[in-house]
Amino acid sequence: MPEGGGPRVYSIAAHRGFADALVAGLVPRYSEGELGLARLTLLLPSRRAVRTVTEAFVRHSGTTDRPGMLLPRMAVVGDLDLDETLGPLLDPLGAADIPPAADLTRRWLRLAHYLREVEGAEAGKGAALLRRAWELGRTMDRLLVEGIAPIDLMSERVIGIVGDLAGHWTDNTRTFLMVQQYWIAELAERGEIDAPERRNRLFEHAAAEWRAVPPQYPVVAAGVTSASPALARLLRVVSELPGGSVVLPDFDLALPGEVWDELGIAGKPENPDEPPFGRGDAVTHPQYHLKLLLNRMGIAREEVSAWHRSGYGASPAERSTVISNLFLPPRASAAWVELPAEKRRLSGVRLMESTHPEQEAQAIAVLIREALEVPERRVALITPDRGLAGRVVAHLTRWGIEADDTAGRPLAQTAAGRLMLLLAEVLAEQAAPVPLIALLVHPLAGGGEGRARWLESARKLDLALRGPRPGAGLAALADLAEQEKLGEWWSAVEAVLAPLFALTEGQPLEAMLAALVDAAEALCGEAIWAQADGRSLSAMVEELRGAAGSAGTLFDPRELHAMLRDAMDRVSVRPPWGGHPRVSIYGLLEARMSRADLVICGGLVEGVWPASPSQDALLPPAVLRALGVPGADFRIGLAAHDLAAALGAPEVVLSWALRDAGGPVIPSRFVLRVKALLGEQAERHVESDVLRLARMLDDAPPVAGHPRPQPMPSPDQRRVDLAVTGLDRLRGDPYEFYANAILRLRKLDALDAEPSAAWKGEVAHKILEDWHKAGEPVDGLHAIAQAVLTEKNAHPLMRALWWPRLSAALDTFRELVLAHKTAGRRVVASEAWGDMRYRDIRIHGRADRIDRLPDGSLAVVDYKTGSPPTPRRVEEGFALQLGLIALIAQAGGFKDMQGREIVGEAGEFEYWSMAKDKNRFGYATTPLKVGKRRSGIEPDDFLPETERYLNDALDRWILGTEPFTARLNPELGSYADYDQLMRLDEWITSLGSRPDAGGERAGAEDEV
């Protein structure tokens, strides 16, 4: 390593392994003397890089005869993307003349305030306004990092560009400038500067100090690739210090000169008045940001030398040449046609194409498990797809392998973050069932010795809340809790939630966050803050509370949930170290400078790696380009550089899936370039064995088809009561009757469910029952209907959509009743429950309506919100409810509205339907063969036939020995509540055809 004058800049090629090669070169150069390496100062890009280099020193010490090693001083330059600050070396006490940095969270809230001042009501409010303020702050930081002063936005060139743009860009630019000026004035008043500005000044301070008085210790900057102007000037000074140097990662010294030129001007235009980035710049090339850094350092490419050492586990040297050819810019890519085979060879690189993300995760887990069979072999998965990383971590637990995802998880996806969000969501949705139950059964809620009792109460409330949503707020829930005998427990829950519901719009955000914290602690105790996610949540909330108090932010409590989710999504919770020592799972930022024997690059699809470029929402691209801010495609070049570094590992697997959860996806442009470069050799690089092994993990031995269920309960189990609706179920599908009446299994409605046909039928019955009890007033039916809908907490949308049909059908029913009254027919029972003993079996049910005819006989009426059963279905014995009610009435099983036994024989049987008939809603019909009907049962034969079918069912199933066969009449249709229990799909095909799953035919009878 020469000691001559001029800058000393070095490059470690991708195939050498940056951290290990760096250490292999530093140790012999700086380890001489009494203190050795301890005198050396390393400038590294991030805290993660410090860990990576420390591990490389440990590995290197294991290959030497020396018993120990004093590590160098490692100072962090700080990665803005990782929200890291500068180390004390670059932020010394001697920089007190540099103003303090403004708090980022407070700035975020103040920018929202200024946005509202500038745009008024058009700025939006709540979480939407804060999102815009966050984006505005990010744009300000981008400008500051590039050293662009606010006055530069006022230059004639920028103003001229803005004037030629569309109106929305002009408005956005004007808004940005005005808000920025408000903020600058506040900074001046407070004596602060923005964090990126302070960072730049600290870099300049260190550069000036070291230039004037070089430090007595050697300084080496390694792995720093940020091309910000201030940092580039500092690196230039470091490269010229005595014993100092700059070591760049994966800089391609073999790139032909004409290709280097084709990358573009990269911050060094020929004319100073021209933009620093040309329209033809190849910003997506992995070497572009390094060229930009060199240009800003004032270093020619020829001044960069190759690092003289290789790292542990270096890959073949020709790999770097192939990587260089792989990422050639467009015009230079034409050389692929003439590339010889040796310059296309990517030995050790495999291509793995999966069908879907789950298969990809399974295959990657198998690759890792296979690699760990080799002693001391290290394996790393690099992916920007955190979902894929999470699935791989889960699959590895199959073999007891604990892997840490060093990129972490968003705070919103952790237990502590989720609980805080649920509290805010319960407030925003006025204690809606879904977030409320999710909160009450959260793993942290009700912890301690009483956890089991807490969960028991929460589950009882869960069952009570099934179905359509109850009324908003806590009062309706208190009534429900009393009905379920949960009053004492609910009082404790309500005491926790009540302060949140007392919050109103326009109160300080600080007070709202304090109320949330108090509720969380009351619900969970100290457990919410105990783990890594709790500590991250505590830091975030306290920072937000302090900033909100200082900024004087007022807020709407209904927006807390959305605002907190946005804030939590920006906080990554990284696990405490302790996973498998030879397995690493990285994001792109965390993977930089890392090394492993096998590197798996997962999630290589467009939109993931590289990520979709996002345009700045406030300043137009033309303005940013004129100011010298890299465009949105610049990050594609960084992603390409990350992949180029990963390709330098001894063994590499490039993995992607052909679809994601939403549909087909496109493989990454990087994968397509690899395939194009390999040409005919691509087939030899395809990884298929691992995919086969992954499939075999899930391929169980063939299992014989499940037999058609035919349960045979004991005689005592068979002797159950029979409901008037149960006879139809028993004869149509005995298994459904068995599951319902014998096993007593009921289908649970969903929480906050849409109103079902059964719910609509219940409402309709309740309306008519209340009307009958009120004396059937001519003008009171609609008022009663509205009162019942209110009592049932009908959703406003459903109420608005259903009301026209419901009111029209009720009008028809009212006309029917008035006509019957005129004819001398009167109601004797409404919604009456009755029963009888028949062959020592209790037959029971509810009669919707029983009328007394003028001749003294009875008319049995059944209400239907949908179409009633057809005469053919009644004739076949699958709709016998009216007949069974008549038999109970004849046996004296019903009482009238005065409590007296109803005596008489039934002569008429009617369905009153709310469905549409011709041009109106609502009609009355009989299922019997009357008038001109050609099918059905004769009226005189209806009750004898009903009794015959009843005896047949009792003889065969209730009192007999016949099995309760599933789907005995498959063509009949069913409600399908028990299809999963009977494993229908596993055997129904053997019957030739599958019946209507979901019970369209049966369901149509009960649905408008």
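Throughout, residues of each chain are indexed from 1 in the direction in which the sequence is written. Only residues with pLDDT of at least 70 are given local features in this predicted model, and only at 80 or more are side-chain atom pairs given and counted; all residues enter the totals for whole chains, interfaces and linings. Side-chain calculation: all heavy atoms of the structure are included, whereas hydrogens and water are not.

## What about the overall build of the chain?
By the criteria applied, helices consist of DSSP H or I runs no shorter than four residues and strands consist of E runs no shorter than two, each listed in order from the N terminus. Each helix and strand in the chain was counted, giving 36 helices and 23 strands. Here the C-alpha radius of gyration of the chain, 38 Å, is well above what a compact globule of 1008 residues would show, namely 30 Å. Only protein chains enter the accessibility calculation, which uses a 1.4 Å probe; a residue whose area is less than 20% of its type maximum is buried, one above 50% is exposed, and one in between is partly exposed. Burial status across the chain gives 53% buried among its 1008 residues. Across the chain, every contact between residues at least 6 apart in sequence was considered, and the portion connecting residues at least 24 apart equals 78%. The chain carries 115 positive and 140 negative side-chain charges, and their two centres are separated by 2 Å. In this description the radius of gyration comes from C-alpha coordinates, and the expected globular size is given by 2.2 Å times residues to the power 0.38. Whether two residues are in contact is decided by their heavy atoms, any of which lying within 4.5 Å being enough. Only four residue types enter the charge count: Lys and Arg as positive, Asp and Glu as negative, with His and the chain ends excluded. Here the site of a charge means NZ on Lys, CZ on Arg, CG on Asp, or CD on Glu.

## What to know about the sheet that holds strand β3 (residues 73-76)
Spatial strand order, β3-β2-β4-β5-β1-β6: six strands in an open sheet with parallel pairing. Two strands in the sheet have a free side with no partner beyond their single neighbour: β3 and β6 (304-306). Strand-to-strand twist across the sheet, computed as the mean angle between neighbouring axes with direction ignored, equals 25°. Only the stretch in contact is used when fitting a helix axis, every axis being a line fitted to C-alpha atoms; angles between N-to-C directions are given from 0 to 180 degrees. Taken strand by strand, helix α10 (residues 288-297) contacts β1 (9-12), β5 (245-249) and β6, and its axis lies near 160° from that of β5. Any two strands with at least two DSSP-identified bridges between them are counted as paired.

## Regarding the packing of aromatic side chains
Two numbers describe a pair of aromatic rings. These are the distance of the centres and the angle of the planes. Stacked, edge-to-face and tilted labels apply to pairs of Phe, Tyr and Trp rings (six-membered ring for Trp) whose centres lie within 6.5 Å, assigned for plane angles under 30 degrees, over 60, and everything in between, in that order. This model, assessed by the stated rule, comprises 15 aromatic pairs. Seen from their ring centres, tyrosine 288 and phenylalanine 634 are 6.3 Å apart, and the 75° between their planes marks the pair as edge-to-face. Residue tyrosine 288 is located in helix α10, and its partner phenylalanine 634 is located in helix α24 (residues 634-646); the two are separated by 346 residues in the primary sequence. The same class applies to tyrosine 288 and to phenylalanine 634, which are both buried. With a centroid separation of 4.8 Å and 75° between ring planes, the pair formed by phenylalanine 909 and phenylalanine 942 is classed as edge-to-face. A residue pair is termed long-range when its members are at least 10 positions apart, and phenylalanine 909 in strand β22 (residues 906-917) and phenylalanine 942 in helix α35 (residues 939-958) qualify at 33 residues.

## Observations concerning the environment of histidine 356
For histidine 356, the position within the fold is in the loop between β7 (349-354) and α12 (357-371). Since its relative accessible area comes to 32%, histidine 356 is described here as partly exposed. Through-space distance from the C-alpha of histidine 356 to that of alanine 657 is 5.0 Å; in sequence the pair is 301 residues apart. Beyond its immediate sequence surroundings of up to four residues, histidine 356 is in contact with Ala657 and Arg659. Within the local environment of histidine 356, its side chain forms a polar contact with the backbone nitrogen of glutamine 359, the two atoms lying 3.1 Å apart. Any pair of nitrogen or oxygen atoms within 3.5 Å is treated as a polar contact; in protein, a donor-acceptor pairing is required on top of that, and neighbouring residues in sequence qualify only through side-chain atoms on both sides.

## Some thoughts on the packing of helix α1 (residues 18-30) against helix α2 (residues 47-61)
One can describe the packing of α1 onto α2 by two numbers: an axis separation of 9 Å at closest approach and a directional angle of 60°. With respect to each other, α1 and α2 are oriented oblique. You can see that α1 and α2 cross each other, and the crossing is right-handed. Contact with α1, carried on its side by Ala19, Asp20, Leu22, Val23, Ala24, Leu26 and Val27, involves Thr52, Val53, Ala56, Phe57, Arg59 and His60 of α2 and no other residues of that element. Residues belonging to the contact of α1 with α2 are distributed by class as follows: nine nonpolar, two polar and two charged. Angles below 35 degrees are treated as roughly parallel, those above 145 as roughly antiparallel, those between 65 and 115 as roughly perpendicular, and all remaining angles as oblique. For a crossing to be left-handed, the near helix must be turned anticlockwise from the far one by less than a right angle; the clockwise case is right-handed. Amino acids are sorted into nonpolar (Ala, Val, Leu, Ile, Met, Phe, Trp, Tyr, Cys and Pro), charged (Asp, Glu, Lys and Arg) and polar (every other residue, Gly among them).

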